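Each chain, written out:
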Amino acid sequence: MIMPALSATKLLAAWEQGYSQPPFQRALTLLTLVSENASIEQLAALSVGQRDAHLLMLRERAFGPRMTGHATCPACAQTLELDFSVADIRANDAAQSTSPGTLIHADYEVRFRLPNSFDLASLTPDEDVSANRAQLIRQCVFGVQRNGMEIPVEQLPAEVVDAMSQQMADADPQADVQLAMTCPQCDHRWNAPLDILSFLWTEIQVWAKRLMREIHALAMVYGWREADILALSPWRRQVYLEMIHQ
């Protein structure tokens with residue numbers, strides 16, 4: 001993908017547009033910031049891991065390589081501070097294409113594709129995990145044979161579904177990033193999933209609201225238009241803000 005210049009104006013506009021959107025659509029809005037020529041349909045057809053790889057790229061360009069946050073220990077409720085780099089969670093063997101895959105397991109042959117944003121859009125947040133998983137399987141599997149005979153996807157046994165899910169995860173590792181955690185309080189160890197879309201959107205929210213306060217302060221004192229203020233570098237905006245408070 002071609003990487004266009006990322007400006008405060010573009011990022012602020014994406015925040016405004018994505019504010020009222022559901023998560024899957026919000027991700028596509030953010031992806032337009034790192035893709036100059038791709039259509040929304042092309043972006044939505046990316047696998048979830050490919051999508052998240054581009055969101056991770058956007059995050060690094062917008063806020064740098066270091067990532068910080070908090071997690072709660074599920075055993076003792078201790079709050080842990082997180083500090084890691086984008087490189088730590090970038091999958092070097094990320095999916096290169098969305099070409100169909102094939103699973104051969106016992107007497108079954110399953111032809112499938114990787115989940116994408118179209119599939120995520122069809123899920124119901126209020127449904128339980130098993131119901132949404134079944135929905136994904138119905139959409140991503142386009143052929144099942146047992147001993148050479150076509151059968152409905154609903155007849156796949158759980159062990160075959162598990163094997164297919166694992167093959168999907170292996171083919172698209174960026175789609176499921178797990179942070180290895182150890183609690184310093186009780187020594188409990190667990191894997192915490194990292195949702196890069198949620199993480200990045202929280203950062204954008206904090207940044208956008210801080211920037212709006214800066215725009216408000218500078219406009220009140222100097223009478224500048226928003227576009228003029230956004231055209232300033234962050235360093236120059238900060239100098240003007242410091243002079244206001246002197």
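Bear in mind the structure is a predicted one, so any value in this text is a computation, not a measurement.

### Things to note about the packing of aromatic side chains
Given two aromatic rings, their pairing is described by the distance between the two centres and the angle made by the two planes.
Reasoning step 1: A complete count under the given rule lists five aromatic pairs for this structure.
Reasoning step 2: The interplanar angle of 55° and the centroid separation of 6.4 Å between the aromatic rings of F84 and F199 together place this pair among those described as tilted. Remark: F199 occurs in helix α9 (residues 196–222) and F84 occurs in strand β2 (residues 79–85); sequence separation between them is 115 residues.
Reasoning step 3: On the accessibility criterion, F199 (15% relative accessible area) is buried.

### Things to note about the environment of A14
Reasoning step 1: When you line up the elements, A14 lands in helix α1 (residues 8–18).
Reasoning step 2: A sequence separation of 212 residues divides A14 from E226, and the C-alpha atoms of the two residues are 16 Å apart.
Reasoning step 3: Leaving out residues up to four positions away in the same chain, A14 has contacts with T29, L30, L33 and W201.

### Notes on the pairing of strand β1 (residues 66–72)
Reasoning step 1: Alternating positions in β1 separate cleanly, M67, G69 and A71 being buried on one face and R66, T68, H70 and T72 remaining unburied on the opposite face.
Reasoning step 2: By the bridge criterion, seven bridges tie β1 to β2 in an arrangement that is antiparallel. Paired with G69 across the bridge in β2 is L82.
Reasoning step 3: Linkage of β1 to β2, two consecutive antiparallel strands, is achieved through a turn of six residues, within which A77 is found at a positive phi near 70°.

### Digging into the layout of surface pockets
Reasoning step 1: Empty space within the largest pocket amounts to approximately 1200 Å³.
Reasoning step 2: What lines the largest pocket is a set of 29 residues, and nearest its centre among them are V48, L120, L123, L136 and A175.
Reasoning step 3: Of all the secondary structure elements, the ones that give two or more residues to the lining of the largest pocket are α2 (23–31), α4 (48–63), α7 (129–140), α8 (158–171) and β8 (189–194).
Reasoning step 4: A total of six residues in the lining of the largest pocket trace back to one element, the largest contributor, which is α7.
Reasoning step 5: Among the residues forming the lining of the largest pocket, the class breakdown is 20 nonpolar, three polar and six charged.

### Focus on unusual backbone geometry
Reasoning step 1: With a phi close to 70°, A77 is a non-glycine residue in the positive phi region.
Reasoning step 2: Within the fold, A77 resides in the loop between β1 and β2.
Reasoning step 3: Residue classification places A77 among the exposed positions, given a relative accessible area of 52%.
Reasoning step 4: One non-glycine residue, A106, lies in the positive phi region at around 55°.
Reasoning step 5: Considering the arrangement of structural elements, one finds A106 in the loop between β3 (101–105) and β4 (108–112).

### As for the nonpolar core
Reasoning step 1: If you look at the biggest cluster of nonpolar residues, it comprises 46 residues, and the most contacted ones within it are L12, L30, L55, M67, I89 and M181.
Reasoning step 2: No other element matches the 11 residues that α9 contributes to this core.
Reasoning step 3: Those residues within four positions of L12 in sequence are excluded, and the remaining contacts are W207, A208, L211, M212, I215 and L230.
Reasoning step 4: In terms of nonpolar packing, the next biggest core, distinct from the first, is built from 17 residues, I137, V160, M164 and M168 among them.

### A look at α2
Reasoning step 1: Every buried residue of α2 is accounted for by R26, A27, L28, T29, L30 and L31.
Reasoning step 2: Packed against the buried residues of α2 are α1, α3 (40–44), α4, α6 (117–121) and α9.

### Regarding α8
Reasoning step 1: Taking 1.5 Å of rise per residue, the 14 residues of α8 would be expected to cover 20 Å, and the 20 Å separating its terminal C-alpha atoms lies within 8% of that figure.
Reasoning step 2: The set of residues buried in α8 consists of V160, V161, A163, M164 and M168. Buried positions in α8, seen along its axis, are confined to an arc of 160° and lie on one side of it. Residues of α8 that are exposed and point more than 90 degrees away from the buried face comprise A158, E159 and D170.
Reasoning step 3: In this fold, the buried residues of α8 make contact with β3, β4, α7 and β5 (141–146).

### What to know about the sheet that holds β5
Reasoning step 1: Spatially, four strands are ordered β3-β4-β5-β6 in an open sheet, and the strand pairing comes out antiparallel. Each end of this open sheet is capped by a strand with a single partner; those strands are β3 and β6 (149–150).
Reasoning step 2: Pairing of β3 with β4 involves five bridges; the strand directions are antiparallel. Directly across from T102, in β4, lies its bridge partner R111.
Reasoning step 3: Here α7 sits on the sheet in contact with β4 and β5, set at roughly 85° to β5.
Reasoning step 4: Here α8 sits on the sheet in contact with β3, β4 and β5, set at roughly 140° to β3.

The rules we used
Per chain, residue numbering runs from 1 following the sequence as it is written. Under the rules for a predicted model, residues below a pLDDT of 70 receive no local features and side-chain atom pairs below 80 are neither given nor counted, while totals for whole chains, interfaces and linings still include all residues. Heavy atoms throughout the structure, all of them, feed into the side-chain values; hydrogens and water do not. Within 6.5 Å between ring centres, the rings of Phe, Tyr and Trp (the latter by its six-membered ring) count as paired, and their orientation is classed by plane angle as stacked under 30 degrees, edge-to-face over 60, tilted in between. Under the DSSP-based scheme used, a helix requires at least four consecutive residues in state H or I and a strand at least two consecutive residues in state E, with every element numbered from the N terminus. Think of it in three bands: residues with accessible area under 20% of the maximum for their type are buried, residues over 50% are exposed, and the middle band is partly exposed, with areas taken using a 1.4 Å probe on protein chains only. In this analysis, two residues are considered to be in contact whenever any of their non-hydrogen atoms come within 4.5 Å of each other. The criterion for strand pairing is that DSSP finds at least two bridges linking the strands in question. Here a cavity denotes grid points, spaced 1 Å and computed from the protein atoms alone, that fit a 1.4 Å probe unable to get out, and a pocket denotes an open set having protein on both sides within 12 Å along at least 5 of 7 lines; residues with an atom within 4 Å of a point are the lining. Grid points are joined across faces, edges and corners, and a volume is the space filled by probe spheres set on the points. For this classification, Asp, Glu, Lys and Arg are treated as charged, while Ala, Val, Leu, Ile, Met, Phe, Trp, Tyr, Cys and Pro are nonpolar and the rest, including Gly, are polar. By nonpolar core is meant a set of buried Ala, Val, Leu, Ile, Met, Phe, Trp, Tyr and Cys residues that side-chain atoms within 4.5 Å join together. By definition here, a helix of n residues has an expected span of 1.5 Å times n minus one. Starting at the helix axis, one direction is taken to each C-beta atom, and the arc is that of these directions. Whenever a helix is involved, its axis is fitted only over the stretch in contact; in every case the axis is a line through C-alpha atoms, and angles between N-to-C directions fall within 0 to 180 degrees.

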